[in-house]
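Residue strings, one per chain:
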Amino acid sequence: MSTFALIIFPNFNLDILKRARTALVSVFSKEGLDELVRTLREYDIEIFSTGGTHSYIENLGIPVKKVEDLTSYPSILGGRVKTLHPKVFGGILARREEENDLGELSDFQIPEIDIVVVDLYPFEETVAAGGSDSEIIEKIDIGGVSLIRAAAKNHKDVLIVPDRASYAQTVAILKAKKGATGLEDRTEMAKRAFSITSQYDKAIHDWMSGEVSLRYGENPHQKARFVGNLDEAFTQLHGKALSYNNLLDIDAAWWMLKEFHQTTFAVIKHNNACGLASRPTIEEAWDAALQADPVSAFGGILATNREVDAKTASKIQDLFFEVLLAPSFSPEALEILKTKKNRVLLQTKEFERTNKHIRSVLNGYLEQDYDSHTDSAEDFTYATEMKPDAQEIEDLLFASKICKHTKSNTIVLVKDKQLLASGTGQTSRVDALRQAIAKAKEFGFDLKGAVMASDAFFPFPDCVEIAHNEGINAIIQPGGSIKDNLSIDYCNLNGMRMVLTGYRHFKH
């Protein structure tokens, strides 16, 4: 039943060629399949197939037999069971050199299957697209994985084509060897096959364990996954699957908002607030938050600690954004916001945060406690002769909360519980202040009467002097420099107010 030949190539390696006579084709993706099945036909390779794949091949005008004709058993359970049958797996797993195996094939009228072509259900793609649990479970391929493993195990005799990316390579093999396959080809494909099933099973395990494969990492060429249970943090009401960068911004938005008890709206970009304000109503909070930097808000993450109503949703609707987090949405607001199919709407939940922050470095990792301290008036050391008034204290604490959650070095400028601007991630504190001043002016803010927060101490009075020249006269900073007195003396000479908290808030 089998035909073998030895051929010696110029590099003197022996390759066992086996003429293929039958193929089983059962695939999800038909992209590129037409060329492969035409090649099978070209070399008179008999084709068996299933369901939609059979219809696809038949529509190409290529002779194809149904697997049901081989097994004498129909596809059952809505297509869950099609190829799981001894007449299929016997033809794949039979050892061609074993007389007993060949005798059993003959007794049960089972044809040898020489090529198995499979493309698995798109499990990871369904997870990444935000599919429901039932949709995801239906994309766990059983028969396809079994076919791949069986053919790869018996690669001494059988060529496994384990995914659509292998279609073109298989065409090249068959054309080069005139309808035959070499042992080297079959071995390489078997290695690829086991790699695919291993990754496929891991993706299923990760999903069932609460781990989520993401579309990609920080950049498209990086793979990524989330380890944990996102369902404990929020319910996704609408939109596409979340990305690695989305989750980083969502995390930044969530923990920043937890600092504020009044009605607050935040706009997050690259883990920093580019807009944030507290107001009596959510609509007013949104207006004030967007005012700080409507340019950076484009494509950002929006977050609020109050229910989104229809009026606010109508205003938000005009902006392109990736994600909106809120504890709830009115039905009217949802109807408005769901008109954009990819826009992600998340209903937040209360959950316990781990108290450890872990990141990889060199050949290990660093672990630290989270910065859980929120500055309060009880922390204040009033360093200057003049003390801030009640309104200034409110704004200083407001600015300090934002500062704590902004990349270092940072300077934050606030007035009337509205972020005016921030300088973020600068190597110089002076540069951070200048960046914040320039940005505030760009969007038309008057800095007179604003307050300034710094995540770390001032080793020199330069920032204090620059702030004073812009009309900023109240400052909050941790203190701790051996030259604190230089900044304090400048404040006293110029009627400024400065409080020291004793808590630095570096964020790298």
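Going by the structure above, here's the rest.
About the criteria used
Residues numbered from 1 in each chain as written. Predicted model: local features only at pLDDT ≥ 70, side-chain atom pairs only at ≥ 80, totals over all residues. Heavy atoms only, no water. Helix = DSSP H or I, 4+ residues; strand = E, 2+ residues; numbered from the N terminus. Rg over C-alpha atoms; globule rule 2.2 N^0.38 Å. Buried < 20%, exposed > 50% of the residue type's maximum accessible area, 1.4 Å probe, protein only. Contact = heavy atoms within 4.5 Å. Areas by Shrake-Rupley, 256 points an atom, 1.4 Å probe, with all protein chains shown as cover. Polar contact = N/O pair within 3.5 Å; in protein donor to acceptor, adjacent residues only side chain to side chain. Arc of directions from axis to C-beta. Patch = residues over 30% accessible without salt bridge, like charges linked within 9 Å, V, L, I, M, F, W, Y side chains within 5 Å. Salt bridge = Lys/Arg side-chain N within 4 Å of Asp/Glu carboxyl O. Pairing = 2+ DSSP bridges. Axes fitted to C-alpha atoms, helices over the stretch in contact; angles between N-to-C directions. Parallel < 35°, antiparallel > 145°, perpendicular 65-115°, else oblique. Left-handed = near helix turned anticlockwise from the far one by under 90°. Nonpolar A, V, L, I, M, F, W, Y, C, P; charged D, E, K, R; others polar.

Concerning the overall build of the protein
Looking only at helices and strands, the protein has 18 helices and 24 strands in total. Rg of the C-alpha trace for the protein: 32 Å, well past the compact-globule value of 23 Å for 508 residues, more than 25% over. Once the C-alpha set of the protein is aligned to its principal axes, its extents read approximately 105 × 55 × 35 Å. Per-residue burial over the protein gives 50% buried out of 508 residues. Excluding contacts between residues fewer than 6 apart, the proportion of contacts in the protein whose partners are at least 24 apart in sequence is 56%. For the protein, the computed accessible surface area is about 24800 Å², with 51% contributed by carbon and sulfur atoms.

What about the environment of H238?
Note on placement: H238 falls in strand β11 (residues 234-238). Residue H238 is classed as buried on the basis of its relative accessible area, which comes to 18%. C-alpha separation for the pair H238 and N305, spaced 67 residues apart in sequence, amounts to 19 Å. In this structure, H238 is in contact with K338, K340, K341, R343, V344 and L345, ignoring residues within four places of it in sequence. A distance of 3.3 Å separates the side chain of H238 from the backbone oxygen of K338, its partner in a polar contact.

Examining helix α17 (residues 462-469)
Taken together, the buried positions of α17 are occupied by C463, V464, I466 and A467. Angularly, the buried residues of α17 cover 165° about the axis, an arc narrow enough to put them on a single face. Check the buried side of α17 and you find it contacts α16 (429-442), β22 (451-454), β23 (474-477), α18 (484-493) and β24 (497-500). Backbone geometry just after α17 places G471 at a positive phi near 95°.

Details of helix α12 (residues 282-292)
At 3.6 residues per turn, the α-helix brings residues three or four places apart onto the same side. Of all the positions in α12, only I282, E283, A285, W286, A288, A289 and A292 are classed as buried. Taken together, the buried residues of α12 touch β12 (264-269), β13 (272-278), β14 (300-304), α13 (310-316) and β21 (419-423).

Digging into a nonpolar patch on the surface
A cluster of nonpolar side chains, contributed by V361, L362 and L366, occupies part of the molecular surface with about 330 Å² of accessible area. Mapped onto the elements of the fold, L362 is located in the loop between β17 (356-361) and β18 (364-369).

A closer look at the side chain of S454
With respect to the helices and strands, S454 occurs in strand β22. By relative accessible area, S454 is classed as buried at 6%. In this structure the side chain of S454 is engaged in a polar contact, spanning 2.6 Å, whose partner is the backbone oxygen of A456. The contacts of S454, once residues within four sequence positions are left out, are C403, T410, I411, R429, I476, Q477 and P478.

A closer look at the sheet that holds strand β6 (residues 115-119)
Taken together, five strands build an open sheet; the order of strands is β5-β4-β3-β6-β7 and the sheet is parallel. Whereas interior strands pair on both sides, the edge strands pair on one side only; in this sheet they are β5 (65-66) and β7 (159-161). The pairing of strand β3 (residues 22-27) with β6 spans five bridges and is classified as parallel. Its bridge partner lying in β6, A23 is registered against I115.

Some points on the packing of helix α1 (residues 33-42) against helix α9 (residues 167-176)
The interhelical angle for the contact between α1 and α9, taken along N-to-C directions, is 20°, at an axis separation of 9 Å. Relative to α9, the element α1 lies roughly parallel. Crossing geometry of α1 relative to α9 is assigned as left-handed. Here α1 contributes L33, E35, L36, T39, L40 and E42 to the contact with α9, which in turn contributes Y167, T170, V171, L174 and K175. Of the residues belonging to the contact of α1 with α9, the class tally is six nonpolar, two polar and three charged.

By themselves, these observations are geometric and do not establish any function.
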